[in-house]
Amino acid sequence: MLTYVILSICLCSAVGFQMKSAIDLTHPFNENTIAWPANTQFSATQIMKDYTETGIWYEERVISGSEHSGTHLDAPVHLRDEEGGWSAGDIPLNRLAGPGIKIDISEKCLENIDYELTVEDVEAWESKHGQIQEGNIVIVHTDRGKFYTDRDRYLGRPAGMDLPFNDTKHLHFPGISPAAAQVFVDRKVYGVAIDTPSLDYGQSRDFKSHRILLGANIYGIENIANTDKLPAKGFLMNCMVQKLEGGSGGPVRVIAILDKPRTDQLVQEDDGNTGLSSVHGNNMFIKILSV
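Quick caveat: nothing in here was measured; it's all calculated off a predicted structure.

1. Re the overall build of the protein chain
Helix and strand content of the protein chain: five helices and 16 strands. Within the protein chain, the proportion of its 291 residues that are buried is 46%. Contacts in the protein chain between residues far apart in sequence, at least 24 positions, make up 71% of those at least 6 positions apart. Total accessible area computed for the protein chain in this model is approximately 14,300 Å², and 49% of it derives from carbon and sulfur atoms.

What follows is the structure, given as structure tokens:
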């Protein structure tokens, strides 16, 4: 599956679209890639990295691992109260891009590693920046992403405990409360991302926030990177997940674009026939085409 982002620039003013304003919100896939401890971990096996007999340089690896490894998308089919929802390959293209917002709860997470985003946190953001709109893609910033390369610290495992690699009983990291998840459902957002291993906080046993969001066909993105570099609003999110037919999720390349026009003034359109969706404003026209 090949995914192309085709950028057509409409120079309706002196300010044009520039990729220098793009921020990569994706962790690299390598030996430090985090997957849920009980899942199959990511691996890459080099099968060729040499000159061929004809003198041509050739490289290839075999990669494997859980769909929920590294920066990845949780498709609505993944975890819900009843069978159903979109798979990774079914999510409409017009839902994989949209105006992004960031809710910063990092200070509260410093005080409580098991903190959960509350309704009051969401309302405080809205009182300052305006109500979250239908089609927004929400990022919850806990500032835990900076620990990603330190697996035990990122997973919040208590120091000094000799725990098995696949232990899930001693995970401590922030998440989203079920009540806050329901607010996002009510606001009709398209996706919710967080810079921790899970939408639910580490000690969750019922994964209710997953069930609420995914049950409403709102996808999740976990292990997102570089959220500290984003403003509270005013950026465009592109969440290009692999088009895995029947997939419960998959690796996703997430990019935030900070540039004019203001993304709260962008309009999304989907012709419903060609698989082509667009996001456009006064100075920019972006088409996202999956083949």
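Once you've had a look at it, read on.
2. Topic: the pairing of strand β6 (residues 97–104)
The element β6 is extensively covered by neighbouring structure, given that seven of its eight residues are classed as buried. Across five bridges, β6 lies against strand β12 (residues 233–241) in antiparallel orientation. Paired with A97 across the bridge in β12 is N238. Direction of pairing for β6 relative to strand β8 (residues 137–141): parallel, over a ladder of five bridges. By the bridge assignment, I101 is partnered in β8 with V138.

3. Things to note about the confidence of the model for the protein chain
Residues at a pLDDT of 70 or more form 82% of the protein chain, whose mean pLDDT is 87. For the stretch residues 1–17, pLDDT sits under 50, and the model shows 39 contacts to residues farther than four places along the chain or on other chains. Note on residues 261–291: pLDDT is under 50 here. Beyond four places in sequence and across chains, it has 86 contacts.

4. Side note on helix α5 (residues 208–215)
Among the residues of α5, S209, H210, I212, L213 and L214 are the ones counted as buried. Elements that come into contact with the buried residues of α5 comprise β5 (72–74), β9 (175–176), α4 (178–187), β10 (191–194) and β11 (219–222). Remark: N217 follows α5 within two positions and exhibits a positive phi of approximately 60 degrees.

5. A short note on the packing of aromatic side chains
Enumeration according to the criterion identifies four aromatic pairs in this entry. Where F29 meets F42, the ring centres are 5.1 Å apart and the plane angle is 70 degrees; that geometry is what we call edge-to-face. Remark: F42 occurs in the loop between β2 (22–24) and β3 (43–51) and F29 occurs in the loop between β2 and β3; sequence separation between them is 13 residues. Judged by relative accessible area, which is 18%, F42 ranks as buried. Here the aromatic rings of Y51 and W57 are separated by 4.9 Å at their centres, their planes lie at 75 degrees, and the arrangement is edge-to-face.

About the cut-offs
Residues numbered from 1 in each chain as written. Predicted model: local features only at pLDDT ≥ 70, side-chain atom pairs only at ≥ 80, totals over all residues. Heavy atoms only, no water. Helix = DSSP H or I, 4+ residues; strand = E, 2+ residues; numbered from the N terminus. Buried < 20%, exposed > 50% of the residue type's maximum accessible area, 1.4 Å probe, protein only. Contact = heavy atoms within 4.5 Å. Areas by Shrake-Rupley, 256 points an atom, 1.4 Å probe, with all protein chains shown as cover. Pairing = 2+ DSSP bridges. pLDDT = per-residue confidence, 0-100. Phe/Tyr/Trp six-rings, centres within 6.5 Å; stacked < 30°, edge-to-face > 60°.

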